[in-house]
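# Close look at the chain arrangement
Now for the letters of each chain:
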Amino acid sequence: MSILQTINLTKHYGKEGNLTKALDGISLRVEQGEFVSIVGTSGSGKSTLLNMMGGLDYPTAGQVIVDGIDLSQLSDDKLTVFRRRNIGFVFQHFNLVPTLNVFENIVLPLQLDGAKYDKAYIKEIIHLLHLEGKEENLPGALSGGQQQRVALGRALATKPAIILADEPTGNLDSKTSFDVMGLLKLSAQRFGQTIVMITHNDELAQMTDRIVRIEDGIIKQRKAPLSHAVKGEW
Ligand code: ADP
Ligand code: ADP
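Residues numbered from 1 in each chain as written. Chains lettered and ligands numbered in written order. Predicted model: local features only at pLDDT ≥ 70, side-chain atom pairs only at ≥ 80, totals over all residues. Heavy atoms only, no water.

Per an unreviewed UniProt entry, the recorded name for the chain is ABC transporter ATP-binding protein, and the organism is Vagococcus allomyrinae. Recorded in UniProt for the chain, the comment headed Sequence similarities (unreviewed entry) runs: "Belongs to the ABC transporter superfamily." (UniProt positions renumbered as here; feature names shortened; annotations may be inferred.)

Throughout the structure, instances matching the rule amount to one cavity of 30 Å³ or more. Size it by volume and the largest cavity reaches roughly 60 Å³. Lining the largest cavity, in full, are Met52, Gly55, Asp57, Tyr58, Pro59, Val64, Asp70, Leu71, Ser72 and Leu79. Broken down by class, the residue content of the lining of the largest cavity amounts to six nonpolar, two polar and two charged. (1 Å grid on protein atoms, 1.4 Å probe; cavity = no way out; pocket = protein on both sides within 12 Å on 5 of 7 lines; lining within 4 Å. Points joined across faces, edges and corners; volume = space filled by probe spheres on them. Nonpolar A, V, L, I, M, F, W, Y, C, P; charged D, E, K, R; others polar.)

All residues in the neighbourhood of ligand 1 are listed as Tyr13, Thr20, Ala22, Thr41, Ser42, Gly43, Ser44, Gly45, Lys46, Ser47 and Thr48. Within the side chain of Thr48, an N or O atom sits 2.5 Å from an oxygen atom of ligand 1. Protein contacts shield 58% of the accessible area of ligand 1, which totals 560 Å² for the unbound molecule. Secondary-structure elements contributing two or more residues to the shell around ligand 1 are strand 2 (20–30) and helix 1 (46–53). The residue inventory of the shell around ligand 1, partitioned by class, reads two nonpolar, eight polar and one charged. (Near = heavy atom within 4 Å. Polar contact = N/O pair within 3.5 Å; in protein donor to acceptor, adjacent residues only side chain to side chain. Areas by Shrake-Rupley, 256 points an atom, 1.4 Å probe, with all protein chains shown as cover. Helix = DSSP H or I, 4+ residues; strand = E, 2+ residues; numbered from the N terminus.)

On to the site of ligand 2. As a structural note, the neighbourhood of ligand 2 is formed by His130, Ser143, Gly145, Gln146, Arg149, Lys175 and Asp179. Between Gln146 and ligand 2, the recorded distance is 3.1 Å, taken from a side-chain N or O atom to an oxygen atom. Separating an oxygen atom of ligand 2 from a side-chain N or O atom of Arg149 is a distance of 2.8 Å. Against a free-state accessible area of 540 Å², the protein chains account for coverage of 51% of ligand 2. Residue assignment for the shell around ligand 2 shows that the elements contributing at least two residues are helix 5 (144–156) and helix 6 (174–191). The leading source of residues in the shell around ligand 2 is helix 5, at three residues. Its residues assigned to classes, the shell around ligand 2 shows no nonpolar, four polar and three charged.

To continue, consider the packing of aromatic side chains. On inspection of all chains with the given rule, the structure shows three aromatic pairs. Here the aromatic rings of Tyr121 and Phe191 are separated by 5.0 Å at their centres, their planes lie at 70°, and the arrangement is edge-to-face. Linking Tyr121 in helix 4 (residues 119–128) with Phe191 in helix 6, this pair joins segments that are 70 residues apart in sequence. What makes Tyr121 buried here is its relative accessible area of 6%. Classification of Phe191 as partly exposed rests on a relative accessible area of 21%. (Phe/Tyr/Trp six-rings, centres within 6.5 Å; stacked < 30°, edge-to-face > 60°. Buried < 20%, exposed > 50% of the residue type's maximum accessible area, 1.4 Å probe, protein only.)

To continue, consider the packing of helix 4 against helix 6. Running from N to C, helix 4 and helix 6 point in directions that differ by 150°, and their axes come no closer than 10 Å. On the basis of their axis angle, the class for helix 4 and helix 6 is roughly antiparallel. Here helix 4 and helix 6 pass one another in a crossing that is right-handed. When helix 4 is examined against helix 6, the residues Tyr121, Glu124, Ile125 and Leu128 are found in contact with a partner set consisting of Leu183, Leu186, Ser187, Arg190 and Phe191. Taken together, the residues of the contact of helix 4 with helix 6 sort by class into six nonpolar, one polar and two charged. (Axes fitted to C-alpha atoms, helices over the stretch in contact; angles between N-to-C directions. Parallel < 35°, antiparallel > 145°, perpendicular 65-115°, else oblique. Left-handed = near helix turned anticlockwise from the far one by under 90°. Contact = heavy atoms within 4.5 Å.)

Moving on, we come to the nonpolar core. Grouped together as the largest cluster of nonpolar side chains are 32 residues, with contacts concentrated most on Ile106, Ile122, Leu129, Val150, Ile163 and Ile195. Listed by contribution, the elements that provide at least two residues to this core are helix 3 (102–112), helix 4, helix 5, strand 7 (162–166), helix 6 and strand 8 (194–198). Excluding residues within four positions of it along the chain, Leu129 makes contact with Arg149, Leu152, Gly153, Leu156 and Leu183. Core analysis: the next-biggest nonpolar cluster, separate from the first, contains 28 residues, Ile38, Val64, Phe82 and Leu164 among them. (Core = buried A, V, L, I, M, F, W, Y, C linked by side-chain atoms within 4.5 Å.)

Our focus in this paragraph is the packing of helix 3 against helix 5. Put simply, helix 3 and helix 5 touch, their axes get as near as 7 Å, and they point 30° apart. Of the possible angle classes, the one that applies to helix 3 and helix 5 is roughly parallel. The interaxial crossing formed by helix 3 with helix 5 has right-handed handedness. Contact with helix 3, carried on its side by Val102, Asn105, Ile106 and Pro109, involves Val150, Gly153 and Arg154 of helix 5 and no other residues of that element. Residues that form the contact of helix 3 with helix 5 fall into these classes: four nonpolar, two polar and one charged.

Here it is in structure tokens:
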């Protein structure tokens, strides 16, 4: 069973006369542990797709099934809890809380959930993301790359099955982007997580297992990155 599946997923904004068909029947399966990148021009529906996959919004038609659960069958409250426990979000703007230090930002989702946290696991995340020694710093004192690594740490904190990343390196320079991508990939491998990432950057997409290209709300192309094709892995 796929960890994440969309079936004929459709999302329309507005109403008749002024209708935007942001998604027009997207069927996609993502297997556990896979790292999939979603590419496409601006306005093609990428963010809408990611938001639907993460249960941030309800589709107009079609389904999103995460780990066997049809998200459209969940009430608002149940969806919020489901999201918090199962999905880690990373955005282009790091969205850190400026008054909380690095450690506090990372454990924030766990505190919201009232859960006791595994200190060894948080330590491992901090180590993996090269944030040792920065635990007490406020986000304002960190570089962009460091801030995005804290945001990754926060997304990993709840041990979610799925990480959804919307242009996670969109605000970073090229070298830092590769570093952050490398760490994202490494930590997902370490913890068996599945990643779906939106990117404009073809070179970064090449680092993932599979590229899905979207145009006008439909899937135009599915392919393995060149690196895999060359190695005959696809
Ligand atoms: P992308 O992430 O590929 O840039 P989006 O998913 O943001 O694309 O947008 C797809 C289409 O849906 C665009 O035409 C956009 O203007 C429209 N759209 C996105 N969000 C909304 C919204 N909340 N209300 C109305 N239209 C929207
Ligand atoms: P940034 O590059 O985000 O401004 P740093 O100065 O912390 O921040 O990191 C510089 C480079 O060194 C990055 O590539 C980062 O991944 C790497 N790095 C930082 N800390 C460590 C570490 N403890 N072990 C290995 N590499 C690290």
